[in-house]
Amino acid sequence: MFNTLQNYIFKQFIGTFLACLLVFSSLFLIFEFFERVDNFIKEGATIVQIISYMLYKIPFILQVMSPVAVLLSVLISIGKLSQLSEITAMRACGSSLFSIIKPLLVGGAFIWGVVFLGGETLVPWASERLQTLYQIDIKKKVESGAYSRSNFWFRDGNEFFNIGVYDSRFNILNNVSVFKVNRNFELEKRTEANLARWGGEKIGWAMEGITESLIDQQGNSAQSHLKKAPLLISEAPEDFYNFKRKPESMSYRGLTAYAKKLSSEGVPVTRYLVDLAAKISF
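Predicted model, so just to flag it, every value in this text is computed and none were measured.

A. Looking closely at helix α8 (residues 270-281). Taking 1.5 Å per residue as the helical rise, α8 with its 12 residues ought to reach 16 Å, and the 17 Å between its terminal C-alpha atoms agrees with that figure. When we look at burial in α8, the residues that qualify are Tyr272, Leu276 and Lys279. Seen end-on, α8 carries its buried residues on one side only, within an arc spanning 55 degrees. Among the exposed residues of α8, those pointing more than 90 degrees away from its buried face are Thr270, Val274 and Ser281. Buried residues in α8 make contact with α7 (252-264).

This is the structure:
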């Protein structure tokens, strides 16, 4: 694919890129550590947790620093060739400008592919583990109830859900209301429960103290009472945690699905669509 001169330029570019990426990522990691060290000490984090945190942060740092490293390595590579008059010598030997920059274009495309692939696989996985480690294992927000939420809505198809209080300490949804509407957006069924308790992935949510109201076309309602019944939703406890998902920590496919889900629930997603386009331009 490359001749001798192009191999020479390509090796210089890749070598400079790796050196720049190592320096930038190391500085980023050091700054991240000193920014978090007070929190680590305050929360009593163990050495294993601190090391795990820094390791999980590396994929994201590499992704963020790669464009900067590419830019600087191109400038350094071309600047070095120009300083030593090697570009002039190549041109005197009949090399075209395209043949000189071809290794840089191929190298940049290769790095783009690796970064994009990492952003679809390794980076979201590591970022999710990082957030879980920091918020749950180190800061113990679940135990303190800091992940609890109150009076929020979400939608699933033709059903609207209102949760009075989500208690993250015990994975309990209090004061659950479910409104089911028809195609004309008319209320067909209303279900109210004192609480819904999480029983694990196999069992899901189970409601307790239930009152169901069926509404006919004339507006008449018929009530029934149940002690227990399943709450058929796809959300798990972690989906109710009171934090926003960061677009940069999600894959392109994951962010697309997340934006569609929010849109179906009536949440404006313009910002997420911008972040989606930014993943390509980045």
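Having seen it, we continue.
B. Representation of a nonpolar patch on the surface in the model. A contiguous nonpolar patch, built from Val23, Leu27, Ile30, Phe31 and Phe34 and spanning about 520 Å² of accessible area, is present on the exposed surface. For Phe31, the position within the fold is in helix α1 (residues 4-43).

C. Representation of the sheet that holds strand β5 (residues 205-215). Taken in spatial order, the 6 strands make up an open sheet running β1-β2-β3-β4-β5-β6, and their pairing is antiparallel. Each edge of the sheet is formed by a strand with only one pairing partner; in this case those strands are β1 (149-156) and β6 (221-231). Ignoring strand direction, the axes of neighbouring strands in this sheet form an average angle of 15 degrees. Here strand β3 (residues 172-181) pairs with strand β4 (residues 187-198) via 9 bridges, running antiparallel. For Ser177, the partnering residue across the bridge sits in β4 and is Glu192.

D. Structural context of the packing of aromatic side chains. A full pass over the atoms with the stated rule returns 10 aromatic pairs. Taking the centre distance of 5.9 Å and the plane angle of 80 degrees together, the rings of Tyr56 and Trp125 count as edge-to-face. With a gap of 69 residues between them, Tyr56 in helix α2 (residues 47-83) and Trp125 in helix α5 (residues 122-138) connect regions that are remote in the sequence. Accessibility expressed as a relative area gives 45% for Trp125, which makes it partly exposed. By the ring-pair criterion, three or more aromatic residues cluster together here, those being Phe40, Tyr53 and Tyr134. The ring of Tyr134 has Arg36 sitting right over it, with the charged end atom 4.7 Å from the ring centre.

Rules of the game
Residues numbered from 1 in each chain as written. Predicted model: local features only at pLDDT ≥ 70, side-chain atom pairs only at ≥ 80, totals over all residues. Heavy atoms only, no water. Helix = DSSP H or I, 4+ residues; strand = E, 2+ residues; numbered from the N terminus. Expected span 1.5 Å × (residues − 1). Buried < 20%, exposed > 50% of the residue type's maximum accessible area, 1.4 Å probe, protein only. Arc of directions from axis to C-beta. Contact = heavy atoms within 4.5 Å. Patch = residues over 30% accessible without salt bridge, like charges linked within 9 Å, V, L, I, M, F, W, Y side chains within 5 Å. Areas by Shrake-Rupley, 256 points an atom, 1.4 Å probe, with all protein chains shown as cover. Salt bridge = Lys/Arg side-chain N within 4 Å of Asp/Glu carboxyl O. Pairing = 2+ DSSP bridges. Axes fitted to C-alpha atoms, helices over the stretch in contact; angles between N-to-C directions. Phe/Tyr/Trp six-rings, centres within 6.5 Å; stacked < 30°, edge-to-face > 60°. Lys NZ or Arg CZ within 6 Å of the ring centre and 35° of its normal.

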